[in-house]
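The residues making up each chain are set out below.
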Amino acid sequence: MTDQEIFEKLRSILVETFDIEADRVSLQAKLYDDLDIDSIDAVDLIVKLKPLVGKRLQPEAFKAVRTIQDVVDALQGLLKAGAEIDGSPAAA
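What you are looking at is a predicted structure, and each value in this text was computed from that prediction instead of being measured. (Residues numbered from 1 in each chain as written. Predicted model: local features only at pLDDT ≥ 70, side-chain atom pairs only at ≥ 80, totals over all residues. Heavy atoms only, no water.)

J.: Just to check I follow, could you spell out the pattern of salt bridges for this structure?
T.: Opposite charge on two side chains permits them to pair, given that their charged atoms come into close proximity. Following the criterion strictly, the structure yields two salt bridges and no others. Two residues, Arg11 and Glu8, come together in a salt bridge whose shortest N-O distance is 3.0 Å. Pair noted here: Arg11 and Glu8 are both in helix H1 (residues 3-18), with a separation of three residues, about one helical turn. Under the relative-accessibility criterion, Arg11 is labelled partly exposed at 22%. Residue class for Glu8 comes out partly exposed when judged on its relative accessible area of 36%. Residue Asp36 pairs with Arg24 through a salt bridge whose shortest N-O separation is 4.0 Å. In this pair, Asp36 is assigned in the loop between H1 and helix H2 (39-53) and Arg24 in the loop between H1 and H2, connecting sequence segments 12 residues apart. (Salt bridge = Lys/Arg side-chain N within 4 Å of Asp/Glu carboxyl O. Helix = DSSP H or I, 4+ residues; strand = E, 2+ residues; numbered from the N terminus. Buried < 20%, exposed > 50% of the residue type's maximum accessible area, 1.4 Å probe, protein only.)

J.: Got a minute to help me understand the nonpolar core in this structure?
T.: Proteins that are soluble and globular tend to have nonpolar side chains buried together. Judged by nonpolar contacts, the single largest core of 25 residues is most densely connected at Leu14, Leu35, Leu49, Ile68 and Leu75. Going through the elements one at a time, H1, H2 and helix H3 (68-86) are the ones with two or more residues in this core. Counting residues per element, this core draws most heavily on H1, which supplies six residues. Discounting residues that sit within four places of it in the chain, Leu75 has contacts with Ile6, Leu49, Leu52, Val53, Leu57 and Phe62. (Core = buried A, V, L, I, M, F, W, Y, C linked by side-chain atoms within 4.5 Å. Contact = heavy atoms within 4.5 Å.)

J.: Would you take a moment to explain the environment of Met1 for this structure?
T.: Within the secondary structure, Met1 sits in the segment before H1. Of the residues examined, Met1 reaches a relative accessible area of 40% and is grouped as partly exposed. The spatial distance from the C-alpha of Met1 to the C-alpha of Leu52 is 9.0 Å, given a sequence separation of 51 residues.

Here it is as structure tokens:
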């Protein structure tokens, strides 16, 4: 899955789940400051992101996440780690 595909899915989740206008969601957008995603919302977001990686997401993987780009990077890292564990080559 490419970064762009992850971003598009993430934007869709934010729009549908949190009623955030799509044009407010950019890679530089800060979850708390720009999009009003608080800690409770972040837990809901993690639950919604689970199908993207096909396994349970650990909240620790998202502790340093501040922007949409951080979320994309964290998910990409989890996807690559999963591919390496499964024996599949990691997607670039």
